[in-house]
Amino acid sequence: AGDAVRARAAAILETRDAPAEPEAALRLRTFRALVLRDEAVRAGLAAELDAFLAGRASLSSDLYGPALRVTLEDGGTPAFDRVVESISRIDSAVYLQAVANELGWTPDAEDAARALDLIYDGGISQQVSLSLAQSLMNNPRHRAATWARLTGDFSGFASRVPSQIRRSTPRLARPFC
């Protein structure tokens, strides 16, 4: 049923004019990539992120999230490694936050465990540790393993979260509700 609904929505969108406003066009592109799973749009976003990571082009910060998500979902461990490597050389708090928000969408359980290691081992800024844990919790594929690790060493996790946002850690359980 999901594929039929996506196909119908894509067919309807094809009959409409492209939005004139850049913000609306960006939102539609994101919808096509993440919800409709339009392969051409996904490939375009991945190519744009690839050029950005290689230093050949800029990328709108509005596209960091969707470009990272499709790259992580479709690119496997090599894409995961490339994104993780990029956080040490791209000096942008917005980019770092987008990486933390999207790393949890890797399909590979080993890569998800490595993402969680970034928190415990100090491989990612404490400012985004909670966001990274939340992105892993939001992915049903990684929820149980992430929860087990977080609750198994909660004091270790909490020590990697800035004190001013520690009170937000109970929100990690929200995906169970």
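Residues numbered from 1 in each chain as written. Predicted model: local features only at pLDDT ≥ 70, side-chain atom pairs only at ≥ 80, totals over all residues. Heavy atoms only, no water.

### Description of the overall build of the protein
Point 1. Along its length, the protein carries nine helices and zero strands.
Point 2. Element order for the protein, N to C, with α for helix and β for strand: α-α-α-α-α-α-α-α-α.
Point 3. Rg of the C-alpha trace for the protein: 17 Å, near the compact-globule value of 16 Å for 177 residues, within the 12% margin.
Point 4. In terms of its C-alpha atoms, the protein occupies a principal-axis envelope of roughly 55 × 40 × 30 Å.
Point 5. In the form shown here, the protein has an accessible surface area of approximately 9500 Å², with 53% of it arising from carbon and sulfur atoms.
Point 6. Taking the 21 positively charged and 22 negatively charged side chains of the protein as two groups, their mean positions are separated by 6 Å. (Helix = DSSP H or I, 4+ residues; strand = E, 2+ residues; numbered from the N terminus. Rg over C-alpha atoms; globule rule 2.2 N^0.38 Å. Areas by Shrake-Rupley, 256 points an atom, 1.4 Å probe, with all protein chains shown as cover. Lys, Arg positive; Asp, Glu negative; His and termini not counted. Charge placed at Lys NZ, Arg CZ, Asp CG, Glu CD.)

### Describing the pattern of salt bridges
Point 1. Under the criterion given, the structure shown has 12 salt bridges.
Point 2. Close ionic contact of Glu48 with Arg29 constitutes a salt bridge, the shortest N to O distance being 2.2 Å. Here Glu48, found in helix H3 (residues 39-53), pairs with Arg29, found in helix H2 (residues 22-34); they are 19 residues apart in sequence, far enough to count as distant.
Point 3. Judged by its relative accessible area of 25%, Arg29 falls in the partly exposed class.
Point 4. Its salt-bridge partner being Glu73, residue Arg42 comes within 2.7 Å of it at the nearest N-O pair. (Salt bridge = Lys/Arg side-chain N within 4 Å of Asp/Glu carboxyl O. Buried < 20%, exposed > 50% of the residue type's maximum accessible area, 1.4 Å probe, protein only.)

### Remarks on the environment of Ala173
Point 1. Its location among the elements puts Ala173 in the segment after helix H9 (154-158).
Point 2. C-alpha of Ala173 to C-alpha of Arg143: the two residues are 30 residues apart in sequence and 9.6 Å apart in space.

### A word on the packing of helix H6 (residues 109-120) against helix H8 (residues 143-152)
Point 1. For the pair H6 and H8, the least separation of the axes is 10 Å and the interaxial angle reads 25 degrees. Between H6 and H8, the crossing angle belongs to the class labelled roughly parallel. H6 and H8 meet at a crossing whose hand is right-handed. Of the residues in H8, those in contact with Ala113, Leu116, Asp117 and Tyr120 of H6 are Thr146, Arg149 and Leu150.
Point 2. Considering only residue class, the contact of H6 with H8 consists of four nonpolar, one polar and two charged. (Axes fitted to C-alpha atoms, helices over the stretch in contact; angles between N-to-C directions. Parallel < 35°, antiparallel > 145°, perpendicular 65-115°, else oblique. Left-handed = near helix turned anticlockwise from the far one by under 90°. Contact = heavy atoms within 4.5 Å. Nonpolar A, V, L, I, M, F, W, Y, C, P; charged D, E, K, R; others polar.)

### A short note on the packing of aromatic side chains
We describe a pair of aromatic rings using the distance from one ring centre to the other and the angle between the two ring planes.
Point 1. Under the definition given, this model contains five aromatic pairs.
Point 2. Relative to Tyr64, the ring of Phe52 has its centre 5.5 Å away and its plane inclined at 35 degrees; by these criteria the two rings are tilted. Taken together, the residues span a long stretch of sequence, with Phe52 in helix H3 and Tyr64 in helix H4 (residues 64-86) at a distance of 12 residues. Of the two residues examined, Phe52 and Tyr64, each falls in the buried class.
Point 3. An aromatic cluster is defined as three or more aromatic residues linked by ring pairs; in this entry it consists of Phe52, Tyr64 and Tyr95. (Phe/Tyr/Trp six-rings, centres within 6.5 Å; stacked < 30°, edge-to-face > 60°.)

### Brief notes about unusual backbone geometry
Point 1. Of note, the phi angle at Arg37 is positive, near 55 degrees, even though the residue is not glycine.
Point 2. Locating Arg37 in the fold gives a position in the loop between H2 and H3.
Point 3. Exposure remark for Arg37: the relative accessible area of 36% places this residue in the partly exposed category.

### Observations regarding the nonpolar core
Soluble globular proteins tend to bury their nonpolar side chains together.
Point 1. By size, the foremost hydrophobic cluster in this structure holds 42 residues, and its most contacted members are Tyr95, Leu103, Ile124, Leu132 and Phe157.
Point 2. Among the secondary structure elements, those contributing two or more residues to this core are H2, H3, H4, helix H5 (93-102), H6 and helix H7 (129-138).
Point 3. Top element by residues in this core is H4. It accounts for eight residues.
Point 4. Setting aside anything within four residues of it in sequence, one finds Leu103 in contact with Leu72, Phe80, Val83, Val84, Ala115, Leu118, Leu132 and Ser135. (Core = buried A, V, L, I, M, F, W, Y, C linked by side-chain atoms within 4.5 Å.)

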